[in-house]
Amino acid sequence: MKIAQVAPLFESVPPKLYGGTERAVAYLTEELVAQGHDVTLFASGDSCTSARLIPGTPTALRLAECKDSLPHHICMIEDVFRRSHEFDVIHYHIDHVHLPIAARQGIPYLTTLHGRLDSPDLVPLFQTFYDAPMVSISDSQRQPLSAANWTGTVYHGLPRQLLHCHPDPGSYLAFVGRFSRDKGPDRAIEIARRSGLPIKIAAKVDPNEVSYYHNDVEPLFEDPMVEFVGEINERQKDEFLGGALALLFPIEWPEPFGLAMIEAMACGTPVIAFGHGSVPEIMKDGVSGFVVSNVDEAVAAVAKIPKLSRRGCRQYFESRFTADRMAHDYVEIYRALIENNAGGSVRKSALSAV
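Residues numbered from 1 in each chain as written. Predicted model: local features only at pLDDT ≥ 70, side-chain atom pairs only at ≥ 80, totals over all residues. Heavy atoms only, no water.

## What about the sheet that holds strand S6 (residues 134-136)?
The strands that make up a sheet pair up through hydrogen bonds in the backbone, lying either parallel or antiparallel.
1) Next: The seven strands are arranged S3-S2-S1-S4-S5-S6-S7 in an open sheet whose pairing can be described as parallel. The two strands at the open ends of the sheet, each matched to only one other strand, are strand S3 (52-55) and strand S7 (150-153). Pairwise comparison of adjacent strand axes, ignoring direction, gives a mean angle of 20° for this sheet.
2) Next: The pairing of strand S5 (residues 109-113) with S6 spans three bridges and is classified as parallel. Among the inter-strand pairings, Thr-112 is bridged to a residue of S6, identified as Val-135. (Pairing = 2+ DSSP bridges. Helix = DSSP H or I, 4+ residues; strand = E, 2+ residues; numbered from the N terminus. Axes fitted to C-alpha atoms, helices over the stretch in contact; angles between N-to-C directions.)

## So, the pattern of salt bridges
1) Next: Inspection of every chain in the model, using the stated rule, returns 20 salt bridges.
2) Next: One salt bridge in this structure joins Asp-46 and Lys-16, with 3.8 Å as the shortest N-O distance. With Asp-46 in the loop between strand S2 (38-43) and S3 and Lys-16 in the loop between strand S1 (2-6) and helix H1 (21-34), this pair connects stretches of sequence that are 30 residues apart.
3) Next: Here Glu-332 and Arg-335 are joined by a salt bridge, their closest N and O atoms 3.5 Å apart. Of this pair, Glu-332 and Arg-335 both sit in helix H12 (residues 323-340), separated by three residues, roughly a single helical turn.
4) Next: Judged by its relative accessible area of 39%, Glu-332 falls in the partly exposed class.
5) Next: Counted as one network, the salt bridges with shared partners bring together Glu-11, Arg-62 and Glu-231. (Salt bridge = Lys/Arg side-chain N within 4 Å of Asp/Glu carboxyl O. Buried < 20%, exposed > 50% of the residue type's maximum accessible area, 1.4 Å probe, protein only.)

## Concerning the packing of aromatic side chains
1) Next: Enumeration over the complete set of coordinates arrives at 13 aromatic pairs.
2) Next: An aromatic cluster of three or more residues is present, and its members are Tyr-155, Phe-257, Tyr-316 and Phe-321.
3) Next: Above the plane of the ring of Tyr-172 lies Lys-200, whose end atom (NZ or CZ) is 4.2 Å from the centre.
4) Next: We note Lys-304 situated over the ring of Phe-290; from NZ or CZ to the ring centre the distance is 4.6 Å. (Phe/Tyr/Trp six-rings, centres within 6.5 Å; stacked < 30°, edge-to-face > 60°. Lys NZ or Arg CZ within 6 Å of the ring centre and 35° of its normal.)

## Thoughts on the packing of helix H5 (residues 185-195) against helix H10 (residues 295-304)
1) Next: Viewed as axis vectors pointing N to C, H5 and H10 meet at an angle of 50°, and their least axial separation amounts to 9 Å. Here H5 is positioned oblique relative to H10, judged by the angle of their axes. Here the hand of the crossing between H5 and H10 comes out right-handed. Between H5 and H10, the contacting residues are Arg-187, Glu-190, Ile-191, Arg-194 and Ser-195 on the first element and Val-295, Asp-296, Ala-298, Val-299 and Val-302 on the second.
2) Next: Of the residues assigned to the contact of H5 with H10, the class counts are five nonpolar, one polar and four charged. (Parallel < 35°, antiparallel > 145°, perpendicular 65-115°, else oblique. Left-handed = near helix turned anticlockwise from the far one by under 90°. Contact = heavy atoms within 4.5 Å. Nonpolar A, V, L, I, M, F, W, Y, C, P; charged D, E, K, R; others polar.)

## Quick word on H10
1) Next: Listed as buried for H10 are Val-295, Ala-298, Val-299, Ala-301 and Val-302. Buried positions in H10, seen along its axis, are confined to an arc of 160° and lie on one side of it.
2) Next: On the buried face of H10, the contacting elements are strand S8 (172-179), H5, strand S12 (271-274) and strand S13 (289-292).
3) Next: Capping the start of H10 is the job of one residue whose side-chain oxygen sits 3.2 Å from the backbone nitrogen of Asp-296: Asn-294. (Arc of directions from axis to C-beta. Polar contact = N/O pair within 3.5 Å; in protein donor to acceptor, adjacent residues only side chain to side chain.)

## A closer look at the nonpolar core
1) Next: If you look at the biggest cluster of nonpolar residues, it comprises 88 residues, and the most contacted ones within it are Ile-199, Ile-201, Met-261, Met-265, Ile-272, Phe-321 and Tyr-334.
2) Next: Counting residues per element, this core draws most heavily on H12, which supplies eight residues.
3) Next: When neighbours within four sequence positions are excluded, Phe-321 is seen to be in contact with Tyr-155, His-156, Gly-157, Leu-158, Phe-257, Ile-262, Met-265, Ile-282 and Tyr-316.
4) Next: Core analysis: the second largest hydrophobic core is formed by 28 residues, Ile-107, Phe-129, Ala-148 and Trp-150 among them. (Core = buried A, V, L, I, M, F, W, Y, C linked by side-chain atoms within 4.5 Å.)

No statement about biological role is implied by the geometric values presented.
Okay, here's the thing in structure tokens:
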């Protein structure tokens, strides 16, 4: 099968440091190539892939300190359109900016939505492109747009050998993510303090929450039990997560998936997560960690972590969240789209369909 993967240009594929969507695209692309498919990756030029790489920009836009990413993505979409005859199916991971042209390109296509969908501004967009084939990364993600043309839910997966099971629990708690109120690094530090345990924070500053970082989080680093290690790359996660007693995931937002949870599980490290968004779908309470509602429950869960089997946590990861399973799920959707030509016909307008 000839497959195009179209990635965001904000980060390389895979990202050099923090990055969720681009990391998922990298794992999917490499697994599809390993399974014998002819894959072309549209991404930044500093991406590393065994697929054919067509660069949309020389380097990732975040590292280039780009001020306006839209022109770059429009140019990449035009390039995809001009090459569309080369592919059996085109898989977009760039939200919705491609929809007007993708619906007219005459090739089956699919869009995986990686972000939150609870903005009212998205409603008219999905009413207009009501028949555009979509995939969610959790069932909970799609709830605000239940009328969209959902062709399936495909959970993210990691390569089996990317991270290794660490059977012996560590002595610190871990937090991985962004310095964002939604992610709750300040809550993670409170949980660690009340548990009497050190915590290591691996995170980047969210550009939209710089004041939150400086006012609410940075002062907490004065505590000697709190260690800020900065952003970490893929290679560093094995030691960082594998050496932790547990990963704290105290979110306060409708998390679409939460890649850090399955990264911790792959290391055999249980997760203590607030039960918002996808968390109840991804977690298996009492096996991969504990699903809690607040800081008090999280502190109580920390005390129960030694009772969990780290090998059992790893086995749970292997049963649900591997890259080969993710690729298999997508290939089934690709085949259905090609057979039904669901994405290949010119889309009728919403007006003419009434």
